[in-house]
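# Structural characterization, general
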Amino acid sequence: MKNEGLTRRGFLSLGAISAAALAGTGLAGCAQPKPASERVDKIETINCSGIAVDPSQVTETIKADIVVLGGGMSGLSAAVQAAENGDDVILLEAQSALGGNGQGVEGTLGVGTKWQQEKGIDVDCAVIMQEELGKAQWVPNGLFYKDLVDRSAANLEWAVETCGCELSGLIDNYPMGVVEGAVDTFHWWKDGAAYVGYIQPMEKHLRKLGASIDLNTRALEFSYADDGSVDGVYALDAFGDLVKYQAKAVIVATGGFANDDERLKKYGFDLDTLERIGTPGHYGDGINMVLAAGAREYTGVCYLKYNRIGHSKIAAFGPFWSAMCFGGPFLWVNEDCERFVDEGCMYRVGNIITQSTPMHAQPHCTCLSIFDQEVFDAQLQENAELAEEWGVDIAAEWKEIVDGKDDAFQANSIEELAEQAGIEVQALKKVVDEYNAMCEAGRDNVFGKDAKFLKPIKTAPFYLARIHEVMEGPLGGVTIDRTFRPVLNDGGRLENVFVIGLDSMMLYRDVYPIDVPGSASAECINGGRTAANQAHELL
């Protein structure tokens, strides 16, 4: 079957909506949060869209035991578990359909599942810990991974046998062309899509259980009792009315902050060059309302982001991406024509998502990729089989973006190439000469690039591409404990608030390792069930 550029089997995609779905979603800045005691019964703006919440304008108060904010993978897990526990639960979803970031997820992690046992698959948990924690320099709490691994089989079997979710039967290490996972933990959903195998069955099961689902209802801010404790949320419903959902416990699962411009800028993104391709509506409201209540921010947020050239209809993930954006035999320099990295770093660490990490610290979060005809021809040949499978012509795609002057240039000399790209001629010529000298010597004495990738830039025509970041979304935001309660800056925790999914993903640090495939989606399911059960005990 032909890939269409949105599956991670054919190149990694957590989201299922194109970049066009996010066009024009620039948001106003977030107001500075204040202590809860100063916010109660006052008009405050703590959501990133700048929407003022005035409790005197509430048109209706709806009561429940538990209110779940967000109907993606984690929110659905929480709501279903709460309903099965017999609790009165309401699920709020800001969009017109459930699924969120989970719509394009293809599978999830399981360790020791009945299906692995049937296939004779034995997963060494020590490998999981070494791969995942080691790649993150041992910063994440290993007990989060232990909890996830220990519960993963029961969680996945619950989803299938109790909730009606469907798997395809395939279990593998999620091979992705040049790299693959270290263990066979990846259980593929039916049709390779969580929307089919998980989202739709979970929604059906939740409705059968009689839980309330309020779509087009965006939670904006916590509501507070007289003692300053959280007693629900304020939300805008489908009619634009302000509604208070009063609850004994709140489970936050709003899907991260991919559309929260202020928080992205805080983490160093250049919004003029960043291209967002995840599912829409992740404004960071959940994260912001929890932080405003005094919770500690998680500083190890990691990002599902990649390299991209141009802004055409060429698939963000596909043969062109593989041939032109991964690094390796290319020369990468920043806008000042300074080389800043071993361009083969992705191959060195075996993690496809590492490709975009180095340029994040460069001006405008971009880099210039320079190469010659020999490298161009070699990349076409290396990716020929993939291009044939996808039915695309990489050379024609390159010509399309060059002709459109879409961050791609081609010339018969380095000087002409620099002029076309608006780069200082002598600076580009200098760095190319220095790079060529290392290539001829067969040794990168600056960054230690593997000699097999040292290809001199000497055969015309010459090429230059401006690479920018393309992001599906960030993972993390709020610091939590093992019960998924947010940890407070001044000690303690919020007892009746739980933060799950991408709003609190603490398994990683900076880069999604993917050596143990399916861990993020599995943590969404795990966090949902854990939070709902903890809330039930609280009730």
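Residues numbered from 1 in each chain as written. Predicted model: local features only at pLDDT ≥ 70, side-chain atom pairs only at ≥ 80, totals over all residues. Heavy atoms only, no water.

Bridging between strand S1 (residues 58-69) and strand S9 (residues 242-252) involves 10 bridges; their strand directions are parallel. By the bridge assignment for S9, Glu60 is matched with Val243. One ladder, built from four bridges, connects S1 with strand S2 (residues 89-92); its direction is parallel. From the neighbouring strand, Val67 faces S2, where its bridge partner is Ile90. (Pairing = 2+ DSSP bridges. Helix = DSSP H or I, 4+ residues; strand = E, 2+ residues; numbered from the N terminus.)

Okay, the packing of aromatic side chains next. Summed over all chains, the structure comprises 21 aromatic pairs. Arranged with centres 6.4 Å apart and planes meeting at 10°, the rings of Phe371 and Phe376 form a pair that is stacked. A ring pair is formed by Phe376 and Tyr463, whose centres lie 4.8 Å apart and whose planes are at 15°; its orientation type is stacked. Linking Phe376 in helix H11 (residues 373-382) with Tyr463 in strand S15 (residues 462-475), this pair joins segments that are 87 residues apart in sequence. In this structure, Arg529 packs its charged tip against the face of Trp158, placed 4.2 Å from the ring centre. (Phe/Tyr/Trp six-rings, centres within 6.5 Å; stacked < 30°, edge-to-face > 60°. Lys NZ or Arg CZ within 6 Å of the ring centre and 35° of its normal.)

Take the nonpolar core next. Core analysis: the biggest nonpolar cluster contains 141 residues, and Tyr198, Phe222, Met324 and Trp398 have the highest contact counts within it. Dropping the residues within four chain positions of it, Trp398 is found in contact with Phe320, Met324, Phe371, Phe376, Ala408, Phe409, Gln410, Tyr463, Leu464 and Ala465. Within the second largest apolar cluster, 23 residues are counted, among which are Ile370, Ile414, Cys439 and Leu454. (Core = buried A, V, L, I, M, F, W, Y, C linked by side-chain atoms within 4.5 Å. Buried < 20%, exposed > 50% of the residue type's maximum accessible area, 1.4 Å probe, protein only. Contact = heavy atoms within 4.5 Å.)

Moving on: the environment of Val160. Inspection of the secondary structure assignment puts Val160 in helix H5 (residues 142-161). Linking Val160 and Met202, residues 42 residues apart in sequence, is a C-alpha distance of 9.6 Å. Residues within four places of Val160 in sequence aside, it is in contact with Trp115, Cys165 and Leu167.

So, about the confidence of the model for the chain. Overall, the predicted model of the chain reaches an average pLDDT of 89, with 90% of residues at or above 70. Confidence drops under a pLDDT of 50 for residues 1-45, and excluding neighbours within four residues, the segment shows 121 contacts in the predicted structure. (pLDDT = per-residue confidence, 0-100.)

A few words on helix H14 (residues 414-421). Among the residues of H14, Ile414, Leu417, Ala418 and Ala421 are the ones counted as buried. Down the axis of H14, the sector holding all buried residues measures 100°, keeping them to one side. On its buried face, H14 is in contact with strand S13 (366-372), strand S14 (408-411), helix H15 (425-441) and S15. Among the residues trailing H14, Gly422 stands out with phi positive, at a value near 75°. (Arc of directions from axis to C-beta.)

Moving on to the packing of helix H4 (residues 125-135) against H5. In a packed pair of helices, the relevant descriptors are the angle between the two axes and the axis-to-axis distance. As a packed pair, H4 and H5 sit with axes 11 Å apart at the nearest point and diverge in direction by 140°. On the basis of the axis angle, H4 is oblique to H5. The crossing of H4 and H5 is right-handed. Packed against H4, whose contacting residues are Cys125, Ile128, Met129, Glu132 and Leu133, the element H5 presents Gly142, Tyr145, Lys146 and Val149 at the interface. Tallied by class, the residues present in the contact of H4 with H5 amount to six nonpolar, one polar and two charged. (Axes fitted to C-alpha atoms, helices over the stretch in contact; angles between N-to-C directions. Parallel < 35°, antiparallel > 145°, perpendicular 65-115°, else oblique. Left-handed = near helix turned anticlockwise from the far one by under 90°. Nonpolar A, V, L, I, M, F, W, Y, C, P; charged D, E, K, R; others polar.)

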